Amino acid sequence: QVQLVESGGGLVQAGGSLRLSCEGSGINFRINNMAWYRQAPGKQRELVAAITSTSITNYADSVKGRFTISRDNAKNTVYLQMNSLKDEDTAVYYCNSLLYGPRSLVYWGQGTQVTVSS
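Residues numbered from 1 in each chain as written. Predicted model: local features only at pLDDT ≥ 70, side-chain atom pairs only at ≥ 80, totals over all residues. Heavy atoms only, no water.

Next up on the list: the sheet that holds strand S7 (residues 67-72). The strand order S1-S3-S8-S7 describes an open sheet built from four strands, whose pairing is antiparallel. The open sheet has two edge strands, strand S1 (3-7) and S7, and neither has a second partner. Shown here is a sheet whose adjacent strand axes are inclined to one another by a mean of 15°, direction ignored. Direction of pairing for S1 relative to strand S3 (residues 18-25): antiparallel, over a ladder of five bridges. When the sheet's bridge partners are listed, Val5 is paired in S3 with Glu23. (Pairing = 2+ DSSP bridges. Helix = DSSP H or I, 4+ residues; strand = E, 2+ residues; numbered from the N terminus. Axes fitted to C-alpha atoms, helices over the stretch in contact; angles between N-to-C directions.)

Membership of the largest hydrophobic core comes to 27 residues, with the highest contact counts inside it found for Trp36, Val78, Leu80, Met82 and Tyr93. Breaking this core down by element, the ones donating at least two residues are S3, strand S4 (33-39), strand S5 (46-51), S7, strand S8 (77-82), strand S9 (91-99) and strand S11 (112-117). Among residues more than four places away in sequence, those in contact with Val78 are Leu20, Ser21, Cys22, Phe29, Met34, Trp36, Ile51, Ile69, Ser70, Arg71 and Cys95. (Core = buried A, V, L, I, M, F, W, Y, C linked by side-chain atoms within 4.5 Å. Buried < 20%, exposed > 50% of the residue type's maximum accessible area, 1.4 Å probe, protein only. Contact = heavy atoms within 4.5 Å.)

Relative to the elements of secondary structure, Leu80 occurs in strand S8. Given a relative accessible area of 0%, Leu80 falls into the buried group. Measuring from C-alpha to C-alpha, the distance between Leu80 and Cys95 comes to 9.6 Å, with 15 residues separating the pair along the chain. Excluding anything up to four places from it in sequence, Leu80 contacts Leu18, Arg19, Leu20, Trp36, Val48, Ala49, Phe67, Thr68, Ile69 and Tyr93.

What follows is the structure, given as structure tokens:
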């Protein structure tokens, strides 16, 4: 059974920092591309940051220079370090895994709430 379990969300003041974690199980973590998405109320889910199995990273323009995605394959965990948080970063953050192939496999975590107060 595949599970992606996020943790680390919460309430933080604008300008503060949080680190999200996502631990995967039931997948061959090291060969999966991993990503963080977020969804704010009334908005579509959007990609925040992604990291490939070879640790190539990609970021949404809105978070470049503030957020850092990383992975620890030994712990089956992907992280999202979020600094200089803004009100507009408030959203539910979801962990995502993607394995490309003849039948691509996509999995989602349950989400963790991040609320930034000004």
